[in-house]
Amino acid sequence: RILKSLVDDRMIIQVEGRRYAIGPLAAELGLAFRGNIDVTARWRPLLESVGRITGDTVYLIERGGLDAVVLDRVDGTSAIRAIPFEIGQRNPLGVGTGSLAILASLDDGEVDHILASNDKEYRMHDGLDRQRVKTMVERTRRVGYALTLKTSLMPGVTGFSMALPHAHDQVHLAVSIASVGNVIPADKRQFLKHMLAKEISRVRPN
């Protein structure tokens, strides 16, 4: 009865047999929610500026519970660009560069809760486990940015990310740069770190 009511209300649709998918009303309600629109509008100039400077694809990543979701994307200007993610794509917190940057920005108690909750999910991504992700979190905090290399999630792509400023009443966000290749030299990492910090500081606080 519940499924029939949801179908009648257009919240879900029956696609085949006993399988269902999100319906048009759910999509319409999503469009009516302005929170994400305001967030993307605020940070879109940052993504565009970083895309121009680096020539790479730049993403805005948002925390969604135990996951991270791709909120926005700006394609770079380089002839060859890495586009490993689509808007709306979700991954467990800690999987993917922007997701890792967000996880590292949380307090220790919350990080431990997320690591324990996502342990089974991690094993589906390059054999990760909570201890390995925790080590990645510690490194991210130490160097001031998240870096991912040679993963099945982004083959042939290197990700570089930093968390964005956060207030208690705001969502957790990160900006992530996807570069073609398996290595980012140390001098380029420092350039990206300082450049991102400078560009982030230009965004007017709410």
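Residues numbered from 1 in each chain as written. Predicted model: local features only at pLDDT ≥ 70, side-chain atom pairs only at ≥ 80, totals over all residues. Heavy atoms only, no water.

**Q** Whenever I open this one, the sheet that holds strand 6 (residues 146-148) confuses me. Can you help?
**A** Strands in a sheet are paired, the pairing made by backbone hydrogen bonds, and the direction either parallel or antiparallel. Pairing within the open sheet is antiparallel, and its six strands lie in the order 5-4-3-8-7-6. Strand pairing shows two members of the sheet lacking a second neighbour, strand 5 (90-92) and strand 6, which therefore form its edges. Strand-to-strand, the axes of this sheet are offset by a mean angle of 30°, without reference to chain direction. In this structure, strand 3 (residues 57-64) lies alongside strand 4 (residues 67-74), joined through seven bridges in antiparallel fashion. Following the sheet pairing, Ile 61 is matched in strand 4 by Val 70. Set on the sheet, helix 4 (residues 97-104) makes contact with strand 3, strand 4, strand 5, strand 6, strand 7 (157-163) and strand 8 (173-180); between it and strand 7 the angle comes to about 30°. (Pairing = 2+ DSSP bridges. Helix = DSSP H or I, 4+ residues; strand = E, 2+ residues; numbered from the N terminus. Axes fitted to C-alpha atoms, helices over the stretch in contact; angles between N-to-C directions. Contact = heavy atoms within 4.5 Å.)

**Q** Would you explain the pattern of salt bridges in this entry?
**A** Should their charged atoms come close, side chains of opposite charge can pair. Summed over the entire model, instances satisfying the criterion amount to twelve salt bridges. Between Arg 73 and Glu 86 there is a salt bridge whose closest N-O contact spans 3.3 Å. With a gap of 13 residues between them, Arg 73 in strand 4 and Glu 86 in the loop between strand 4 and strand 5 connect regions that are remote in the sequence. (Salt bridge = Lys/Arg side-chain N within 4 Å of Asp/Glu carboxyl O.)

**Q** What am I meant to see in the packing of aromatic side chains here?
**A** Each aromatic ring pair is summarised here by two numbers: the centre-to-centre distance and the angle between the ring planes. Counting across every chain of the model gives one aromatic pair. Between Tyr 145 and Phe 160, the aromatic rings sit 4.6 Å apart at their centres with planes inclined by 25°, giving stacked as the arrangement. Here Tyr 145 is found in the loop between helix 7 (130-143) and strand 6, whereas its partner Phe 160 is found in strand 7, with 15 residues between them in sequence. Both residues of the pair, Tyr 145 and Phe 160, count as buried. (Phe/Tyr/Trp six-rings, centres within 6.5 Å; stacked < 30°, edge-to-face > 60°. Buried < 20%, exposed > 50% of the residue type's maximum accessible area, 1.4 Å probe, protein only.)

**Q** How should empty space enclosed by the protein be read in this particular structure?
**A** In this approach a probe as big as a water molecule rolls over the atoms, and the regions it shows empty are the leftover space. The full count for this structure, using the stated rule, is one cavity of 30 Å³ or more. For the largest cavity, the calculated volume is near 110 Å³. Taken together, 14 residues line the largest cavity, and the ones lying closest to its centre are Ile 61, Val 70, Phe 85, Val 95 and Ser 99. Elements represented by at least two residues in the lining of the largest cavity include exactly strand 3, strand 4 and helix 4. Partitioning the lining of the largest cavity into residue classes produces seven nonpolar, seven polar and no charged. (1 Å grid on protein atoms, 1.4 Å probe; cavity = no way out; pocket = protein on both sides within 12 Å on 5 of 7 lines; lining within 4 Å. Points joined across faces, edges and corners; volume = space filled by probe spheres on them. Nonpolar A, V, L, I, M, F, W, Y, C, P; charged D, E, K, R; others polar.)

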